[in-house]
Amino acid sequence: MDFSQLIFWRILIVVLCAMKACDFFLKSVNPTLRRKLYFLILSWVMLGVISMETLGVFLLVSIVAYGLSYWQVRKSLIGARVTLSFLIPVLLLPLFYYKYADFAVNGILNMDVSLVRDLVIPVGISFYSFQIIAFCIDTLIRKEEMPSLMDYLLFCSFFPQIVAGPIERKNDLLPQIQQFDPRIRAENLNTGLRYILVGIFFKSVLADNLAGLMRIGYDGNNGFVIWMNNLLFSMRIYFDFCGYGLSAYGLARCFNVTLKMNFWSPYTACNMTEFWRRWHITLTSWFRDYVYFPIKGSRTRRWWLNIIFVFLVSGIWHGAGWNFVIWGTLIGITMVIHRLFSTKGLGWRLPALLGWLVTITTMAFIWMFFYITDLDLLLNNLATLANFRQYECSFPLQGLERHLLVWVVAILTILTICLEAISMKWKNDPYWIFTHPIAIGIIMALVFIAQPGKTPSFIYFAF
Amino acid sequence: MKKLVISAVIGIFIACVVQIWIDRHIEADLCFFGQDVADVKDTWYKTVAGRSEKIHIIAGGSEIATSLDPDSIKDAYGITVMNAGYHAGFGLPPILAVASSYIRPGDHFVCSLYPSSHALQMGMKFAFMRLGSGVLSSPVMPVSEADILKIITGNLLLSCWHLDYAWSRYKYSIPHLHYYEIPENGKLHDSGFLEIKLRTMEQKESPPTAYLKGPMETYLQKTLHIRQYCDKVGADFSVLLPPLHNDSPAYRLRHAKIALMLVEHGIRVLKDERLGICTDVTMFADTVAHLSSQGVQKNTEIWGKALKEGSFWTKEELQHVIEEYELSGRADIL
């Protein structure tokens, strides 16, 4: 479900038109029920277009979760926690199989099992699995009413957010689904289209061009180039993922559903804690509510271990590989360090600009463990970075166009971050400024001129 | 909502204007082919136009522009060759108009275009291609949606102007359009193609074009038109299959069938044993069609020799090549 590809919009328009045509034949059916059914089919078509296996795994996970939760709510033969203790592993089984079995069995245990090798991860499994688990926990622990199967399935599979988030909570999205009315409302359509365009700008113009620059010249023996690539990747992953989130938000808004914002200008944060409050907000809040708080969070002496543990698990969520384990652990460590030195610890506080520089630099360094999966290469890079004699200020470029592209992309990237900061100060919303009509005109022009020829898919589709 | 629509429209307009400026002044490939190459060719032609010797004019796209060295041919074989290869994105008529504007009676016009290029007709919709992004949009060669968006926006307002620019720059004029589809007395020119096809069908159980799909018929028809034009002007005409890299030598079979189709309709095909297909990737530079310096050297040698000796494929030779592939069981690429 790549919003930057025309094929997605073609499928959407065709299916919506078909549904409109079906209205004629289904006049006797309750309109709300009819619309929910349409969007359920639309969501399943979107998943099915990706692959039937993706659709099949999603249906299996969602229906098993509903069935067991319904049974627990209705029968209450055993406690909710007992039910959850076997429900959650069952729901995580497909995720573990597709994403981690190869690493666990062939990597860690060093066996040679071809059955689990090179499995294609069903798109969105990491996201909807967590969304469904959160639903089950919220419903069973709080002993809430189970929604109808239709509402539940639409909640799980709502197509703008199923593939790469945001990971919605029952109390936020389900009431909107239960009152679902996708008929056009001018204000929502207006807002939605603007956010879609901003999302496409972030992805197609910024993220994809940054990806292209990363590919131009990687040199593991030059510390300067490694830092440049780290910086490029840190910007790229932000614009890629945030772009998807904004497009998803805009698309949902067009159908009168308000999703959560998954990013809140993290690169204007002045410390690590603030950064992670603004980065992939729905995932970090999921881990906070369902992992960190249940293990007593900061209400114990082992608070530092809890923080590292949560981020380590978060790292594993992102991918099956030792680099992700290291990535998550490093983030946890930096969070602990910040907490130790911050107002809650020693009470030290860096000036805003210095804090911002430290945060950006730290994240640029840590992102290296995210995009380089080869441990030997990582070690080589670390050795190069530690050796100041291996720093040479250069970036391999060919031809005038390359230089021009570099400058254009650099200016756009910096300008975007600055505008986020300004918008945050002015309207308490970092993305408001991009939805202004003048900005929309400029963004429209840039989307058409500056997107590269071949667009890579969203990074987070791999998770 | 009104503000959104207005902003979007203004944005698209700005995109077109900026894109056009980029195409004209920054985009290296287009600047090179659109201006520099044209200048060089025009200047060169002016120096030889007054001579009485026969000139072999080889027309095509960038695959010809980047594959033939006339000076080497002159040095080695003593014949005068005009490299009239340009940029396929200009479209077929300007390419042929430019090349044909150089033809004098007695010259030899060699048409070297990929068969799919004939589907380009009046030039690709919205005219310009960007070699840098590897876009070649035609009904035959699909392109990604992002590229279409780029081309359409970049050239929406300018496509006509660009074509006009190309046509005026290259002295494109109405008479050159005649061999395409100018109606005469309200009727289209009879290309003679149908008559030829019918005659062939009477003689054989399966006509020679039976195994070739739609674009090949267009290709044959247009090639016949160009030959008619050359006949009118009093110049010789032949076809040369342009160089193309492909890992499978079996693609030579496809070109052999295309060459056979041309030969059976009375069109001479210059003899190059490779039939355009080169499996050696070191002969190519940035794409499957543009030769490296090593490739140019080798290609120039082969074509120079063929032009000097005036060697063309015969029907029997091509049939033998086809039979060879079919017997070896490698005929399944089509």
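Anything mentioned here points back to the structure above.
The present account deals with the structure reproduced in this document. (Residues numbered from 1 in each chain as written. Chains lettered and ligands numbered in written order. Predicted model: local features only at pLDDT ≥ 70, side-chain atom pairs only at ≥ 80, totals over all residues. Heavy atoms only, no water.)

## Notes on the overall build of chain A
Then, number 1: Within chain A, the regular secondary structure consists of 18 helices and zero strands.
Then, number 2: Its C-alpha atoms give chain A a radius of gyration of 23 Å, within 12% of the compact-globule value 23 Å for 463 residues.
Then, number 3: Once the C-alpha set of chain A is aligned to its principal axes, its extents read approximately 75 × 55 × 50 Å.
Then, number 4: Within the span of chain A, comprising 463 residues, buried residues form 55% of the whole.
Then, number 5: The long-range share in chain A, meaning contacts at least 24 apart out of those at least 6 apart in sequence, stands at 73%.
Then, number 6: Element-wise, carbon and sulfur atoms account for 67% of the exposed surface of chain A, whose accessible area totals about 21000 Å². (Helix = DSSP H or I, 4+ residues; strand = E, 2+ residues; numbered from the N terminus. Rg over C-alpha atoms; globule rule 2.2 N^0.38 Å. Buried < 20%, exposed > 50% of the residue type's maximum accessible area, 1.4 Å probe, protein only. Contact = heavy atoms within 4.5 Å. Areas by Shrake-Rupley, 256 points an atom, 1.4 Å probe, with all protein chains shown as cover.)

## A word on the overall build of chain B
Then, number 1: The helix and strand tally for chain B stands at 13 helices and six strands.
Then, number 2: Burial analysis of chain B (334 residues in total) assigns 54% to the buried set.
Then, number 3: Contacts in chain B between residues at least 24 apart in sequence constitute 80% of all its contacts with a sequence separation of at least 6.
Then, number 4: For chain B, the exposed surface amounts to about 15200 Å²; the carbon and sulfur share of it is 58%.

## Points about helix 2 (residues 31-50) of chain A
Residue and element names in this part refer to chain A.
Then, number 1: Its 20 residues place the ends of helix 2 29 Å apart at the C-alpha level, agreeing with the 28 Å of an ideal helix rising 1.5 Å per residue.
Then, number 2: Every buried residue of helix 2 is listed here: R34, R35, K36, Y38, F39, L40, L42, S43, M46, L47 and G48.
Then, number 3: In the core, the buried residues of helix 2 are packed alongside helix 1 (6-22), helix 3 (52-75), helix 6 (149-157), helix 7 (159-162) and helix 8 (170-178).
Then, number 4: Sitting at the head of helix 2, N30 places a side-chain oxygen 3.0 Å from the backbone nitrogen of T32. (Expected span 1.5 Å × (residues − 1). Polar contact = N/O pair within 3.5 Å; in protein donor to acceptor, adjacent residues only side chain to side chain.)

## Regarding the sheet that holds strand 4 (residues 236-239) of chain B
Residues and elements named next belong to chain B.
Then, number 1: Pairing is parallel across the open sheet formed by four strands, whose spatial order is 2-1-3-4. If you trace the sheet from one side to the other, it starts and ends with strand 2 (80-85) and strand 4, each paired once. Adjacent strand axes in the sheet meet at a mean angle of 20 degrees when their direction is disregarded.
Then, number 2: Note that strand 1 (residues 55-60) and strand 2 share six bridges and pair parallel. Bridge pairing in strand 2 links I58 to N83. (Pairing = 2+ DSSP bridges. Axes fitted to C-alpha atoms, helices over the stretch in contact; angles between N-to-C directions.)

## Quick word on the environment of L109 of chain A
All names here are of chain A.
Then, number 1: Positionally, L109 belongs in the loop between helix 4 (80-108) and helix 5 (125-141).
Then, number 2: For L109, a relative accessible area of 56% gives the class exposed.
Then, number 3: For the pair L109 and E53, spaced 56 residues apart in the sequence, the C-alpha separation amounts to 27 Å.

## A few points about the pairing of strand 3 (residues 108-112) of chain B
Residue and element names in this part refer to chain B.
Then, number 1: Of all five residues in strand 3, five are buried; the element is thus mostly enclosed.
Then, number 2: Neither face of strand 3 is left uncovered, since the one carrying H108, V110 and S112 and the one carrying F109 and C111 both have all their residues buried.
Then, number 3: Summarising the sheet, strand 1 and strand 3 pair through five bridges and their orientation is parallel. Bridging from a neighbouring strand, H56 pairs with H108 of strand 3.
Then, number 4: The pairing of strand 3 with strand 4 spans four bridges and is classified as parallel. By the bridge assignment, C111 is partnered in strand 4 with V239.

## Here's the deal with the nonpolar core
Then, number 1: Ranked by size, the top nonpolar core spans 140 residues in total, and within it F202, Y238, W276 and Y431 of chain A carry the most contacts.
Then, number 2: Considering every element that reaches this core, the biggest residue donor is helix 10 (residues 223-254) of chain A, with 16 residues.
Then, number 3: Not counting the four nearest positions on each side in its chain, F202 of chain A is found in contact with A207, Y238, F239, C242, G243, L246, T416, E420, Y431 and F434 of chain A.
Then, number 4: A59, A235, L253 and L318 of chain B belong to the second-largest nonpolar core, a separate cluster that totals 36 residues. (Core = buried A, V, L, I, M, F, W, Y, C linked by side-chain atoms within 4.5 Å.)

## So, the packing of aromatic side chains
Residue and element names in this part refer to chain A.
Then, number 1: Summed over the entire model, instances satisfying the criterion amount to 57 aromatic pairs over all chains.
Then, number 2: Centroid distance F275 to W276: 5.5 Å. Interplanar angle 70 degrees. Geometry classified as edge-to-face. Grouping residues by exposure puts F275 and W276 together as buried.
Then, number 3: Judged by centre distance (6.1 Å) and plane angle (40 degrees), the ring pair of Y292 and F293 falls under tilted.
Then, number 4: Lying across the ring of W303, R339 places its NZ or CZ 5.2 Å from the centre. (Phe/Tyr/Trp six-rings, centres within 6.5 Å; stacked < 30°, edge-to-face > 60°. Lys NZ or Arg CZ within 6 Å of the ring centre and 35° of its normal.)

## Here's the deal with the state of the cysteines
All names here are of chain A.
Then, number 1: Inspection of every chain in the model, using the stated rule, returns zero disulfides over all chains.
Then, number 2: As a non-bridged cysteine, C156 has C136 as the owner of its nearest cysteine sulfur, 8.1 Å distant.
Then, number 3: For C156, a relative accessible area of 2% corresponds to the buried category. (Disulfide = S-S within 2.5 Å.)

## Brief notes about a nonpolar patch on the surface
Then, number 1: Where nonpolar side chains cluster on the molecular surface, the patch consists of I108, L109, M111, W322, I326 and L375 of chain A and spans about 550 Å² of accessible area.
Then, number 2: By the element assignment, I108 of chain A lies in helix 4. (Patch = residues over 30% accessible without salt bridge, like charges linked within 9 Å, V, L, I, M, F, W, Y side chains within 5 Å. Salt bridge = Lys/Arg side-chain N within 4 Å of Asp/Glu carboxyl O.)

## Focus on the pattern of salt bridges
Residue and element names in this part refer to chain A.
Then, number 1: Applying the stated criterion across every chain yields a total of 16 salt bridges over all chains.
Then, number 2: A salt bridge links R169 to D289; the nearest nitrogen and oxygen atoms lie 2.8 Å apart. Here the residue R169 occupies a position in the loop between helix 7 and helix 8, and D289 occupies one in helix 12 (residues 281-292), the gap between them amounting to 120 residues.
Then, number 3: R169 sits in the buried class, given a relative accessible area of 14%.
Then, number 4: For D289, a relative accessible area of 22% puts it in the partly exposed group.
Then, number 5: Across the pair R288 and D289 runs a salt bridge whose closest N-O atoms are separated by 3.0 Å.
Then, number 6: Put simply, R35, D181, R183 and R185 are held in one network by salt bridges that share partners.

## Let's talk about the packing of helix 3 of chain A against helix 6 of chain A
Residue and element names in this part refer to chain A.
Then, number 1: Interaxial distance between helix 3 and helix 6 falls to 11 Å at its minimum, and their mutual angle equals 135 degrees. Comparing their axes, helix 6 and helix 3 come out oblique. Crossing of helix 3 over helix 6 shows right-handed handedness. Where helix 3 abuts helix 6, its residues F58, S62, I63, A65 and Y66 lie against L149, Y152, L153, C156 and S157. (Parallel < 35°, antiparallel > 145°, perpendicular 65-115°, else oblique. Left-handed = near helix turned anticlockwise from the far one by under 90°.)

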